[in-house]
Amino acid sequence: LNESTIPGELLKALQEIDPSDAQQRRTGAQLVKMLMAQPAEKLKQERDALLEAIDSDSRLLRSAAFAALTVGGDADQAQTFADKDPNSTLDWLRSVSLIPNAAMRAKQRPAVLKRLAEDQSPAVRSAAALALGAAPNELPDTFRRLAELVKEPELRTAAVRTLLRIAPKHRD
């Protein structure tokens with residue numbers, strides 16, 4: 001395939017997505033799903049390209065790269081890069097919901113909770129509230145934590161959006 005790999009071609013295609021075009025955004029979402037469906041070993045082989053993609057101008061590509069690093073077995077590396085600046089943190093938080101494996105998303109929960117802390121910016125805390133909804137574990141605790149955030153105006157929308165995703169049986 002163009003003397004490249006499938007993940008490599010998907011990364012190139014994601015770089016070309018125009019975020020101002022709704023149809024292209026939908027196409028980008030499908031390309032991300034295709035990337036996430038690649039075997040972990042293939043994603044691991046693209047580590048250098050994924051690390052380069054983290055610095056892309058494309059938010060979609062950056063988030064996809066963080067998710068692909070995680071799926072490829074480099075979750076710790078992804079989290080290290082997420083801490084380099086607030087925008088990287090936001091991209092990493094957006095990546096959590098892109099990870100197709102529920103158990104792998106669950107493993108991200110402690111790092112997401114760290115970014116939900118009061119010493120983080122409202123933008124990071126809001127993104128963490130949304131990312132927490134992608135983690136399928138400890139749902140009663142998630143519900144309790146996010147219910148507290150509803151009273152904070154800048155976090156209310158994200159908190160309520162995530163709270164509504166939690167099944168009633170998991171609500172305290």
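Reference entry: report on the structure contained in this document. (Residues numbered from 1 in each chain as written. Predicted model: local features only at pLDDT ≥ 70, side-chain atom pairs only at ≥ 80, totals over all residues. Heavy atoms only, no water.)

### Observations concerning the overall build of the protein
Point 1. Assigned secondary structure in the protein consists of twelve helices and zero strands.
Point 2. For the protein, the N- to C-terminal ordering of α and β elements is α-α-α-α-α-α-α-α-α-α-α-α.
Point 3. For a compact globule of 172 residues, the expected C-alpha radius of gyration is about 16 Å, and the protein comes in at 16 Å, within 12% of that figure.
Point 4. If one aligns the C-alpha atoms of the protein with their principal axes, the spans along those axes are about 55 × 30 × 30 Å.
Point 5. Counting all 172 residues of the protein, 45% fall into the buried class.
Point 6. Long-range contacts, defined as pairs at least 24 residues apart, comprise 59% of the intrachain contacts of the protein with a sequence gap of at least 6.
Point 7. Carbon and sulfur atoms make up 52% of the accessible area of the protein, which totals about 9,200 Å². (Helix = DSSP H or I, 4+ residues; strand = E, 2+ residues; numbered from the N terminus. Rg over C-alpha atoms; globule rule 2.2 N^0.38 Å. Buried < 20%, exposed > 50% of the residue type's maximum accessible area, 1.4 Å probe, protein only. Contact = heavy atoms within 4.5 Å. Areas by Shrake-Rupley, 256 points an atom, 1.4 Å probe, with all protein chains shown as cover.)

### Re the pattern of salt bridges
Opposite charge on two side chains permits pairing when their charged atoms draw close.
Point 1. Tallied over the full model, the rule gives 13 salt bridges.
Point 2. For lysine 114, the salt bridge identified is with aspartate 83, shortest N-O distance 3.5 Å. Within this pair, whereas lysine 114 is found in helix α9 (residues 109-115), its partner aspartate 83 is found in the loop between α6 (75-82) and α7 (86-96), the two being separated by 31 residues in sequence.
Point 3. Relative accessible area serves as the criterion here: at 48%, lysine 114 is assigned to the partly exposed category.
Point 4. A salt bridge links aspartate 91 to arginine 94, with the nearest nitrogen and oxygen atoms 2.9 Å apart. (Salt bridge = Lys/Arg side-chain N within 4 Å of Asp/Glu carboxyl O.)

### Notes on the packing of α6 against α7
Point 1. Contact pair α6 / α7: the axes reach a minimum separation of 7 Å and the direction vectors enclose 140 degrees. Packed against α6, whose contacting residues are Ala78, Gln79, Phe81 and Ala82, the element α7 presents Ser88, Thr89 and Trp92 at the interface.
Point 2. Taken together, the residues that form the contact of α6 with α7 break down as four nonpolar, three polar and no charged. (Axes fitted to C-alpha atoms, helices over the stretch in contact; angles between N-to-C directions. Nonpolar A, V, L, I, M, F, W, Y, C, P; charged D, E, K, R; others polar.)

### Looking at the nonpolar core
Point 1. Ranked by internal contacts, the top residues of the largest apolar core, which has 48 residues, are Leu35, Trp92, Leu93, Val112, Leu116 and Leu146.
Point 2. Those residues in contact with leucine 116 that lie beyond four places of it in its chain are Arg125, Ala128, Ala129, Leu132, Leu146 and Leu149. (Core = buried A, V, L, I, M, F, W, Y, C linked by side-chain atoms within 4.5 Å.)

### Comments concerning the packing of helix α2 (residues 22-36) against helix α5 (residues 59-71)
Point 1. The N-to-C vectors of α2 and α5 enclose an angle of 15 degrees; their axes lie 10 Å apart at closest approach. On the basis of the axis angle, α2 is roughly parallel to α5. At the point where α2 passes α5, the crossing takes the right-handed sense. Residues Gly28, Ala29, Val32, Leu35 and Met36 of α2 touch α5, and the partners they reach there are Leu60, Ala64, Ala67, Ala68 and Val71.
Point 2. Here the residues of the contact of α2 with α5 are counted per class, giving nine nonpolar, one polar and no charged. (Parallel < 35°, antiparallel > 145°, perpendicular 65-115°, else oblique. Left-handed = near helix turned anticlockwise from the far one by under 90°.)

### A short note on helix α12 (residues 153-163)
Point 1. Those residues of α12 lying buried are Leu155, Ala158, Ala159, Thr162 and Leu163. Down the axis of α12, the buried side of the element spans an arc of 135 degrees, and every buried residue falls inside it. Exposed positions of α12 whose direction lies more than 90 degrees from the buried face are Pro153 and Thr157.
Point 2. Summarising the contacts, the buried residues of α12 are in contact with α10 (122-132) and α11 (139-149). (Arc of directions from axis to C-beta.)

### Things to note about the environment of glycine 28
Point 1. Within the secondary structure, glycine 28 is located in helix α2.
Point 2. It is 26 Å that separates the C-alpha atoms of glycine 28 and alanine 159, two residues lying 131 residues apart in sequence.
Point 3. The residues contacting glycine 28, other than those within four sequence positions of it, are Leu14, Ile17 and Leu60.

That's the geometry; what it means functionally is another story.
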